[in-house]
Amino acid sequence: MTHVVPADQSTQRAAQTETITVSRYAPFRSTAITIVNLAVFFLIWELIARAELINALFFPKASAMFAAIYNGFADGTIWPELSHSVSNFMIGLVISIVIGIPVGLLMGASRIADLILSPYVWAMASLPRVALIPLLILIMGFDNSMQLTIIVLSAVFPIMVNCMAGVKTVDPSLLRAGRVFGTSRLQTYSKIILPFTLPFVIAGVNQGIARGLVGMLIGELLGGGGNGLGFLLDRAGDQFDAPMLYAVLILLAIMSVGLIQSMRWLEQRAAPWRDTART
Amino acid sequence: MVHVGSHQTDHPAKERASTVGSTLIEAVEVSAGYDNRRERTRLIALRDISLTVTQGEFLAIVGPSGCGKTTLINMIAGFVKPLSGVVRVRGAEVNGPGADRAMVFQDYALLPWRTVERNVEFAIENRRGYVPKAERRRRIADALGLVGLVGFEKSYPHELSGGMRQRVGIARALVGEPEILLMDEPFGAVDAMTREAMQAELEKIIAETRQTVVFITHSIDEAITLGDRIVVVSNRPGTIREIIDVDLPRPRFDERNDVKRSARFGEIRSHLWALLSDEALGAKSGSVTQQEGETR
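What you see as residue numbers is a count from 1 along each chain, following the sequence as written. Numbering of ligands from 1 and lettering of chains from A proceed in the order in which they are written. Note on the predicted model: pLDDT of at least 70 is required for a residue's local features to be given, and 80 or more for side-chain atom pairs to be given and counted; whole-chain, interface and lining totals, by contrast, use all residues. Remark: hydrogens and water are excluded; side-chain values derive from all non-hydrogen atoms of the structure.

1. Quick notes on the overall build of chain A
- A run of H or I in DSSP counts as a helix once it spans at least four residues, and a run of E counts as a strand once it spans at least two, with each numbered from the N terminus. Within chain A one finds 11 helices and zero strands.
- Throughout, radius of gyration means the C-alpha value; the globule benchmark is 2.2 Å times the number of residues raised to the power 0.38. Its C-alpha radius of gyration of 25 Å places chain A more than 25% over the 19 Å reference for a compact globule of 279 residues.
- In terms of overall dimensions, chain A has C-alpha extents of about 75 × 60 × 30 Å along its principal axes.
- Partly exposed residues are those whose accessible area sits between 20% and 50% of the maximum for their type, while under 20% is buried and over 50% is exposed, using a 1.4 Å probe and protein chains only. Taken across its 279 residues, chain A has 38% of its residues classed as buried.
- Between two residues, a contact is recorded if the distance between any of their heavy atoms is within 4.5 Å. Looking at chain A alone, contacts between residues at least 24 apart form 71% of all its contacts between residues at least 6 apart.
- Note on areas: these come from Shrake-Rupley sampling with a 1.4 Å probe, and a residue is covered only by the protein chains present in the view. Element-wise, carbon and sulfur atoms account for 68% of the exposed surface of chain A, whose accessible area totals about 15,900 Å².

Structure, rendered in structure tokens:
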């Protein structure tokens, strides 16, 4: 472990690497497994449904569900509701991020702000969202703004609380290093606290997405606005339209998995130093 | 607990290379402690410490854990204000951290989102006084060369071993060319083999850069092989138990002259051992009074 001089200066990293042979298909292996896995799942579903072991009213054939999705898009019953839900959700999420991150950072950085705001934040963060529906309907009626409000109220607090936790758990020895090497107050924030908090912010947004989706659905199911995926779900239930019910559930699952996965991708991009610590 | 008044042994002016042995760091009857507001007590970590460090000297500090060694180095760094007494660097009272002092931390304290070279750059980018980009590049390259990290500029700390991370920590401390290098158990978290190698390299580096070093350690051997003088700190509240001159020739990590096997090394070692085991036993029997809380 004395002076390590790279043999080849052209490679920036001195860590020795050797080429190993990996199957050409290796990158596609997990995708292939997922596809086969899902295919088998729907096949078994179809077989169970065809055997009529369970009442078709509760358990339609997988093929009937796919047909409902196809027809729903073809005759224009799904698309307007889907786009309404997605755009509503995205607007709500953006509002939550814009409010949640700065307030959370402020609460983490300032003891006074924390003391003043925390009772409200914690009350709102722990209160079941459904409880707010009657009040919000009273205030805003069955308007779209009521649906948007419930999304924001669901998503903003987890974002806030996580940002606050991030600032509060900054490694004290990094702060000491900052002092030794002369960071100003501003530099302490921009160079130590904010980068340290970034993974917490992303985790908060992740939770915000999960909670926001719940908010979106309860707003649409109970808000009586007459639009969105929740409305579609409600109507399908009333009409005993099981294939449509399942179709909407699948769409919701795809939407949430897509959002969560893209956040995970972003998280790994934003904090590459953390991945060895976890996986 | 045996009461030992703080005292200071005279030592001959150290002649290291071209540096003159003038006083660089000076602590005068310094006490330090931490307030526990909930219990309304103050834990006294250090009591009446008086100490001088001459320019170019390598001062090792040993003592039982919790004796306030870190508090002492933190006061020199400017993090901790003394309750009484004064710490001066070049005659001026320490009022906070400064560019003349850099620190190497036991837990490295590297920014995990920065590459090795950007971590080193951290030491010279914050304080006022613009350093041109090219000059910075050169100094970073020099510092990384000094600690043997050429080729790892673009690596992230999590990709490096503990020993290599601490090399980054040392490069970061050296790049600003501080007069004083404060090292708080820098090799405490690296394995024994790497530790020996890094001690040898540190001696070589310091011989080249001629910093004044204050070095905290748990290891008696490390203190003797590296230090010009060794300060033995007693149990909490820490007082100076003794200051020992290490009159062993340098370089100490020379194959032809194995300092560790010399008779003098053994003498100093057993003397230190006696002192420290005395303190360790004192810590046990004195555990009841160890709180040393002073109600305010």
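Continuing now.
2. A short note on the sheet that holds strand β10 (residues 240-245) of chain B
Residues and elements named next belong to chain B.
- At least two bridges found by DSSP between two strands is the condition for calling them paired. Spatial ordering of the open sheet is given by β6-β7-β8-β3-β9-β10, a layout of six strands whose pairing is mixed. The open sheet is flanked by β6 (101-104) and β10, the only strands paired with a single partner. The mean inter-strand angle of the sheet, taken between neighbouring strand axes irrespective of direction, is 15°.
- Pairing geometry for strand β7 (residues 180-184) and strand β8 (residues 212-216), over five bridges, is parallel. Counterpart to I180 in the pairing with β8 is T212. Orientation is described by lines fitted to C-alpha atoms, with helices fitted over the stretch in contact, and by angles between N-to-C directions that extend from 0 to 180 degrees.

3. Considerations on the confidence of the model for chain A
- In this model, chain A carries an average pLDDT of 86, and 91% of its residues clear a pLDDT of 70 or more.
- Known as pLDDT, the predictor's per-residue confidence is scaled from 0 to 100. Between residues 1-13 of chain A, whose pLDDT stays under 50, and residues either more than four places distant or in other chains, the model counts 23 contacts.

4. Description of the packing of helix α5 (residues 133-140) of chain A against helix α6 (residues 144-168) of chain A
Residue and element names in this part refer to chain A.
- Contact geometry for α5 and α6: axes closest at 9 Å, N-to-C directions at 140°. One element, α5, and the other, α6, form an angle in the oblique class. Once α5 is placed against α6, the crossing between them reads as right-handed. Between α5 and α6, the contacting residues are I133, L136, I137 and M140 on the first element and S145, M146, T149, I150 and L153 on the second.
- Residue composition of the contact of α5 with α6, by class: seven nonpolar, two polar and no charged. By definition in this entry, angles of less than 35 degrees are roughly parallel, angles greater than 145 are roughly antiparallel, angles of 65 to 115 are roughly perpendicular, and the rest are oblique. Handedness of each helix crossing follows the sense of rotation of the near helix against the far helix: counterclockwise by less than a right angle gives left-handed, clockwise gives right-handed. All amino acids are sorted into three groups, where Ala, Val, Leu, Ile, Met, Phe, Trp, Tyr, Cys and Pro are nonpolar, Asp, Glu, Lys and Arg are charged, and the leftover types, Gly among them, are polar.

5. Quick look at the packing of aromatic side chains
- Here a Phe, Tyr or Trp ring, Trp counted by its six-membered ring, pairs with any other such ring whose centre lies within 6.5 Å, and the pair is stacked when the planes are under 30 degrees apart, edge-to-face when over 60, and tilted otherwise. This structure, assessed with the given rule, holds 12 aromatic pairs over all chains.
- Ring-pair connections join several aromatic residues into one group, and the members of that group are F41, F42, W45, F59, F66 and Y246 of chain A.

6. With respect to the domain arrangement of chain A
Residues and elements named next belong to chain A.
- What counts as a domain boundary in this text is fixed by an automatic or database domain assignment. Assigned domains within chain A: domain 1 (26-59) and domain 2 (61-277).
- Here the C-alpha centre of domain 2 lies 30 Å away from the C-alpha centre of domain 1.
- Residue-level contacts link nine residues of domain 1 with nine residues of domain 2.
- Here the buried area means the combined drop in accessible surface, using a 1.4 Å probe, for two parts upon being joined, counting both sides. Counting the surface lost from both domain 1 and domain 2, the interface buries some 790 Å², and carbon and sulfur atoms represent 69% of this.
- By salt bridge we mean one thing: a side-chain nitrogen of Lys or Arg within 4 Å of a carboxyl oxygen of Asp or Glu. At the boundary of domain 1 with domain 2, the tally comes to zero salt bridges.

7. A closer look at the pairing of β7 of chain B
All names here are of chain B.
- In terms of burial, β7 is a largely internal element, five of the five residues being buried.
- Burial of β7 is two-sided: the residues I180, L182 and D184 facing one way and the residues L181 and M183 facing the other way are all buried.
- Judged from the four bridges that link them, β6 and β7 form a sheet pairing that is parallel. Paired with M103 across the strands is L182, a residue of β7.
- After leaving β7, the chain enters helix α5 (residues 192-209) and then returns to the sheet as β8, a path that is right-handed. Handedness is read with the strands pointing away from the viewer; a crossover is right-handed when the path from the first strand over the helix to the second is clockwise.

8. Remarks on the UniProt feature "domain: ABC transporter" (unreviewed entry) in chain B
- UniProt positions are given in the numbering used here, feature names are shortened, and annotations may be inferred rather than shown by experiment. Here, UniProt's "domain: ABC transporter" (unreviewed entry) annotation points to residues 25-256 of chain B.
- Along residues 25-256 of chain B one finds 29% helix and 28% strand; the C-alpha atoms at either end are 34 Å apart.

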